[in-house]
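One-letter residues, chain by chain:
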Amino acid sequence: MAVALVTGASTGIGKATALRLARDPGTELVLVARREELLRELADSLPCPATYVAVDLTDDDVPQRVRAHLEAEHGGALHLLVNNAGAAWRGSFAETGYANVHRHMELNFDAVVRLTEALLPLLRKAAPSAIVNVASTAGRVSRARTGAYSASKFALIGWTDSLYAEEKALGVHVGMVLPGFVRTEGFPATELREKALTRWIVSEPETVAEAIHQCGPGGRAERYVPRPYGAAAALRILAPSLVRRVLSGGAASNLTTSTAADQDQGSNPG
Ligand SMILES: NC(=O)c1ccc[n+]([C@@H]2O[C@H](COP(=O)([O-])OP(=O)(O)OC[C@H]3O[C@@H](n4cnc5c(N)ncnc54)[C@H](OP(=O)(O)O)[C@@H]3O)[C@@H](O)[C@H]2O)c1
């Protein structure tokens, strides 16, 4: 039996990951996100035992509440933690300022660190076990109007590499997945899917779910989805001037797609 907890499981990559993990014999799932109705529907539809915790991951007491749930409902067992919940609000630094950086860090970085801190003792106890952090290709290459999002994912990547080195000897594998454009509720990539020229660069959440499986139970260190996006990361190191020139050109603005969070709350943090 393996207990796996997936954050951001109500939609998109997290939901696809829950469905993928549920196919492994003996899996028990814990689904975490804010929308209880979606979590309940998913838990009821899965072919394996599943519980859920409907919480906002940025709330102070949430890491301890999630841990208490694991202790009460799953005997304190945890074999896989998938830190996937995240969001992006577009806008230039001049328009959105520190407030936008802060809200990205709060969800995409601080919440991951705080939940991992609370659950690491359970993962160590259950070793061999694994953590998979869902970063982004935007955590290697930054574009205009995505600086706050990129900053949170760059931070997550740096911290993940360090945690991998620290926990390896204790049997907790720390993997990382770096998706490019993936069609989800939060990141619909409408601008790219509308054009034949760019449609092909948009992946499906199920492809990322498979990569998460490879970097968790499969023991891989990291995966770009799709794989060729790794070339952008390599170029950023090898030819920084070229990458900066290309990404600040007019055509590159097409690569900053609008997000659901933009539509829900506007680009400017309230
Ligand atoms: N799709 C892409 O193009 C792409 C590319 C690179 C990286 N990523 C990363 O992939 C991850 C998943 O994104 P996705 O594309 O699957 O988008 P999504 O469909 O919008 O999923 C985001 C998930 O996070 C949950 N969430 C958001 N804020 C939360 C909060 N404060 N507390 C608890 N849960 C919260 C949402 O559920 P509730 O609203 O129910 O809380 C939802 O389940 C994110 O970390 C994202 O940065 C996505």
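These notes cover the structure that comes with them.

The rules behind each value
Residues numbered from 1 in each chain as written. Predicted model: local features only at pLDDT ≥ 70, side-chain atom pairs only at ≥ 80, totals over all residues. Heavy atoms only, no water. Phe/Tyr/Trp six-rings, centres within 6.5 Å; stacked < 30°, edge-to-face > 60°. Helix = DSSP H or I, 4+ residues; strand = E, 2+ residues; numbered from the N terminus. Buried < 20%, exposed > 50% of the residue type's maximum accessible area, 1.4 Å probe, protein only. Core = buried A, V, L, I, M, F, W, Y, C linked by side-chain atoms within 4.5 Å. Contact = heavy atoms within 4.5 Å. Near = heavy atom within 4 Å. Polar contact = N/O pair within 3.5 Å; in protein donor to acceptor, adjacent residues only side chain to side chain. Areas by Shrake-Rupley, 256 points an atom, 1.4 Å probe, with all protein chains shown as cover. Nonpolar A, V, L, I, M, F, W, Y, C, P; charged D, E, K, R; others polar.

### Considerations on the packing of aromatic side chains
Consideration 1: Counted according to the given criterion, the structure contains three aromatic pairs.
Consideration 2: On the numbers, 5.8 Å between centres and 50 degrees between planes, the contact of Tyr-149 with Phe-187 is tilted. Of this pair, Tyr-149 sits in helix α5 (residues 147-167) while Phe-187 sits in the loop between β7 (181-182) and α6 (190-193), placing them 38 residues apart in sequence.
Consideration 3: Residue Tyr-149 is classed as buried on the basis of its relative accessible area, which comes to 9%.
Consideration 4: When its relative accessible area of 24% is taken as the criterion, Phe-187 is described as partly exposed.
Consideration 5: Relative to Tyr-229, the ring of Phe-181 lies with its centre 6.5 Å away and its plane at 75 degrees, an arrangement referred to as edge-to-face.

### Side note on the nonpolar core
Consideration 1: Leu-29, Leu-31, Leu-46, Leu-80, Val-177, Val-208 and Ile-212 are the most contacted members of the largest nonpolar core, which totals 27 residues.
Consideration 2: Top element by residues in this core is helix α8 (residues 205-215). It accounts for four residues.
Consideration 3: Dropping the residues within four chain positions of it, Val-208 is found in contact with Ile-13, Val-177, Pro-179, Val-182 and Val-225.
Consideration 4: Listed in part, the 25 residues of the second largest apolar core include Leu-5, Val-66, Leu-123 and Leu-163.

### Focus: the side chain of Thr-137
Consideration 1: Along the chain, Thr-137 turns up in the loop between β5 (129-134) and α5.
Consideration 2: Discounting chain neighbours no more than four positions away, the residues touching Thr-137 are Leu-178, Pro-179, Gly-180, Tyr-224 and Tyr-229.

### Considerations on the site of the ligand
Consideration 1: Taken together, 29 residues lie around the ligand, and Ser-10, Arg-34, Asn-84, Tyr-149 and Thr-184 are the ones closest in.
Consideration 2: The separation between an oxygen atom of the ligand and a polar main-chain atom of Asn-84 is 2.7 Å.
Consideration 3: Gly-186 has a polar backbone atom sitting 3.1 Å from an oxygen atom of the ligand.
Consideration 4: Considered on its own, the ligand offers 880 Å² of accessible surface; in the complex 95% of this is hidden by protein.
Consideration 5: Secondary structure elements with two or more residues in the shell around the ligand: α1 (12-21), α5 and β7.
Consideration 6: Among the residues making up the shell around the ligand, the classes are represented as 14 nonpolar, 10 polar and five charged.

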